[in-house]
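# Geometric and topological summary
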Amino acid sequence: MALEKHDNKNLGGGRPVAEKGEHIVARHLIEDDNIKEEKNLVIDGVDVSGRWNTFIISRVNSDFDRSFFEEIKKTVVGSRINRCWQCGMCTASCTVTPLYRRFNPRAFIYMMQLGNLKELKKYIDVAWRCVGCYKCSQRCPKQVNPAEMMEALALVIKKYFQEEVKTKLKLDEEVKKIYEDMIIGHGRLDLAKLHTSAMQKSGKTKELFGKIERGAILKMLKDGRAFSVLRLGKPHNWSSSKEAIENYLHKLNTIENSEAGV
Amino acid sequence: MSENILVIGGGPAGLNAAIMLSELGVNVALVERDSFLGGNPKKFKYKFLFPDMQPADNVIGELIKKAESGGNIKVYYSSEVSDFKENGKKFDAVIKSASGSETKTFDSVIVATGFEHFDPARDAKYSYQLFDDVIDIKDLERMMGENNFVRPSNGKPPKKVAFILCVGSRDRHVGNQYCSRVCCTVSVKQAIEMREHFPDCEAYIFYMDIRTYGFFEDLYWKAMEEHDVQIVKGRIAEITSGPDNTVVCKGEDTLLRGPFEIPFDMVVLASGMEGGPQSPEISSKLGIELDEHGFLKPENVTLSPFKSNKPGVFLAGACTGPKAISDSITEGAAAAMNAYTYAVKNR
């Protein structure tokens, strides 16, 4: 059987190609990732593009991957994963969940227990949003330490979803870079600068000069906060502190990489 | 003249009642339907008992030894009470055994006829008896007892085992609405045993609620925290055959939502307890009440759980409902005390 895939421009103005899964009657019930459809496909010289080759991948979970659980258990932060019995006390006490309903530590731990990467993948954009308040770890009746479990989750995401992290978390990585440069470069955090850079990175340049922002800038100029960093300069004996921090970050990176097996 | 008391059933409850009465100097007639004493624990070769994993022989063996070592206990093996009549405040009973029938008058009676394991074959969704690798807790208990833990289909050690809770319990479909109380703890205990002896074998427990009540909870924690037993929430609606000689459990993951069909090497069904055919039989023979679950009904479930509605007839053990062995032994002693008091009062 000769299978031939080619992109649109090679089709040479054939018949119009439908959107992915467009012809499925109850399309709204099926997730995008579960539809397999080649826009342009020719089999044995017959054009079966679009709807002619549509497949719907089953939603049924067909295996538990325990190797994954073992991997998490070996890390320092994830060593207590075997304790979780899914009572939901972590999610109930979470300070982030009320803001992002999709951030659900209980469910993330369960997905890690059962090695359900397929499901975990859907939450890459929110899974790292733990602010580290440790309320969940205080509330947890089994001392799972969910707050640190979220760090284990970050390792998982880094290791298994490198592509998605690059695309979906691009902005966050960039802002993190600004933050780090600020700390290491000046030894102080300039919130105003961090705020404006983050807005610029996310393309909200217009809002930067909006009424609210203008007011805030004026206020900070007035009470002197805007100049405080310049006036204060770097902290005393910063170069040795800087060296220590850089050393630590370097080490952390190696640990993270070795734990995540990158 | 010493009292005569009839004890029906030679399981943990009946044995303990008989032993206590014998120590009080009572002449005990112990009627056992099997050719051996010990009841279900002996019949199905329970090996280790929860919660402390002590050998079943420490408990059952000890009771049997005491009962058989003579004293005032006369054991009737492979026998039954074929006829029963009230005689004033006393009772006339015909004990039928292979060696013939014997009519005796007793001052009081203790019924300790126990329970029957639910037969999972009655519930087609579990495919018990259809697939060799689908077994139930009593089968596993026997396998462990015989040191023969292998897949029945090919004799090889399994690598992935599922325990399914609430089989034949909490299911209107099979007619049993009650919780069988001990199956959760037994399953958790078996999962620990399995992981201890076969660390390569993964254990999953499919549950709706895990009811390891009281201090049995320690076992449940131990199973998870020390033996990495994974619990998955969702009851199994269907067991089918899968590729590579596996059995597939089909269910819903109620925590993440969404169906699953997971292949396993072996499935262990935590079949519950039933009153069995002996409960209605003894109920009509002795004229005592049966409850809506098919067990014998106590006069007052809280105040006197060991009394039947008929004065002079006492109940002990799992014949009044699902129970742990320790509870049965306690009830045996309670029923013995009450039966003795009744006998002495009506001397």
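Residues numbered from 1 in each chain as written. Chains lettered and ligands numbered in written order. Predicted model: local features only at pLDDT ≥ 70, side-chain atom pairs only at ≥ 80, totals over all residues. Heavy atoms only, no water.

### Description of the overall build of chain B
Of the regular secondary structure elements, chain B holds eight helices and 20 strands. Its C-alpha radius of gyration of 22 Å places chain B within 12% of the 20 Å reference for a compact globule of 347 residues. Across its three principal directions, the C-alpha atoms of chain B cover 70 × 40 × 35 Å. When the 347 residues of chain B are sorted by exposure, 57% land in the buried category. Within chain B, contacts between residues at least 6 apart in sequence are counted, and of these 63% link residues at least 24 apart. Total accessible area on chain B is roughly 14,400 Å²; 51% of this is exposed by carbon and sulfur atoms. Charge-centre separation for chain B: the mean point of 39 positive side chains lies 4 Å from the mean point of 48 negative side chains. (Helix = DSSP H or I, 4+ residues; strand = E, 2+ residues; numbered from the N terminus. Rg over C-alpha atoms; globule rule 2.2 N^0.38 Å. Buried < 20%, exposed > 50% of the residue type's maximum accessible area, 1.4 Å probe, protein only. Contact = heavy atoms within 4.5 Å. Areas by Shrake-Rupley, 256 points an atom, 1.4 Å probe, with all protein chains shown as cover. Lys, Arg positive; Asp, Glu negative; His and termini not counted. Charge placed at Lys NZ, Arg CZ, Asp CG, Glu CD.)

### Topic: the overall build of chain A
Across its full length, chain A carries 15 helices and five strands. Looking at chain A as a whole, 34% of its 262 residues qualify as buried. Counted over contacts in chain A with a minimum sequence separation of 6, partners at least 24 positions apart contribute 57%. Working note: accessible area of chain A is about 16,700 Å², and carbon and sulfur atoms make up 56% of it.

### Structural notes on the side chain of Asp-171 of chain B
All names here are of chain B. Locating Asp-171 in the fold gives a position in the loop between β12 (160-167) and α5 (183-197). Classification of Asp-171 by relative accessible area gives buried; the value is 10%. In this structure the side chain of Asp-171 is engaged in a polar contact, spanning 3.0 Å, whose partner is the backbone nitrogen of His-173. Apart from the residues within four sequence positions on either side, Asp-171 is in contact with Asp-123, Lys-125, Asn-176, Gln-177 and Arg-235. (Polar contact = N/O pair within 3.5 Å; in protein donor to acceptor, adjacent residues only side chain to side chain.)

### Examining the environment of Lys-345 of chain B
Residues and elements named next belong to chain B. Topologically, Lys-345 is positioned in helix α8 (residues 325-345). Assessed through its relative accessible area of 68%, Lys-345 is described here as exposed. As a C-alpha pair, Lys-345 and Asp-107 span 238 residues in sequence and 9.7 Å in three-dimensional space.

### A look at the sheet that holds strand β7 (residues 90-97) of chain B
Residue and element names in this part refer to chain B. On the basis of which strands lie adjacent, the open sheet formed by three strands has the order β6-β7-β8 and antiparallel pairing. Both edges of this open sheet fall to β6 (80-87) and β8 (100-106), since each of them pairs with a single strand only. Averaged over neighbouring strand pairs, the angle between their axes works out to 15° when direction is ignored. Note that β6 and β7 share seven bridges and pair antiparallel. Bridged to Phe-84 within β7 is Ala-93. (Pairing = 2+ DSSP bridges. Axes fitted to C-alpha atoms, helices over the stretch in contact; angles between N-to-C directions.)

### Observations concerning the pairing of strand β14 (residues 230-233) of chain B
All names here are of chain B. Note that strand β13 (residues 202-207) and β14 share four bridges and pair parallel. Bridge assignment links Phe-206 to a residue of β14, and that residue is Val-232. The parallel pair β13 and β14 is bridged by helix α6 (residues 217-225), and the resulting crossover is right-handed. (Right-handed = clockwise from strand over helix to strand, strands pointing away.)

### Considering helix α8 (residues 146-160) of chain A
Between its first and last C-alpha atoms α8 of chain A spans 20 Å; for 15 residues at 1.5 Å apiece the expected length is 21 Å, and the two agree. Among the residues making up α8 of chain A, those that are buried are Pro-146, Ala-147, Met-149, Met-150, Ala-152, Leu-153, Leu-155, Val-156 and Ile-157 of chain A. (Expected span 1.5 Å × (residues − 1).)

### Things to note about a nonpolar patch on the surface
Residues and elements named next belong to chain A. Together, Ile-217, Leu-218, Leu-221 and Phe-227 make up a nonpolar patch on the protein surface, roughly 370 Å² of accessible area in all. Broken down by element, the nonpolar patch gets its largest block of residues, three residues, from helix α13 (residues 211-223). If you trace the backbone, Leu-221 turns up in helix α13. Residue class for Leu-221 comes out partly exposed when judged on its relative accessible area of 39%. (Patch = residues over 30% accessible without salt bridge, like charges linked within 9 Å, V, L, I, M, F, W, Y side chains within 5 Å. Salt bridge = Lys/Arg side-chain N within 4 Å of Asp/Glu carboxyl O.)

### Observations regarding the interface of chain B and chain A
Residue-level contacts link 27 residues of chain B with 24 residues of chain A. Interface of chain B and chain A: buried area, both sides summed, is about 2,200 Å²; carbon and sulfur atoms make up 55% of it. Interface area lost by chain B to chain A is led by Asp-228, Gln-230 and Leu-256 of chain B, which between them contribute 27%. Linking chain B with chain A are four salt bridges, by the criterion used here. Lys-160 of chain B serves as the salt-bridge partner of Asp-63 of chain A, at 2.5 Å between the closest nitrogen and oxygen. Among the elements that take part in the side of chain B that touches chain A, strand β17 (residues 259-264) of chain B stands out by supplying six residues, more than any other. Considering only residue class, the side of chain B that touches chain A consists of 16 nonpolar, two polar and nine charged. (Buried area = accessible area lost by both parts, 1.4 Å probe. Nonpolar A, V, L, I, M, F, W, Y, C, P; charged D, E, K, R; others polar.)

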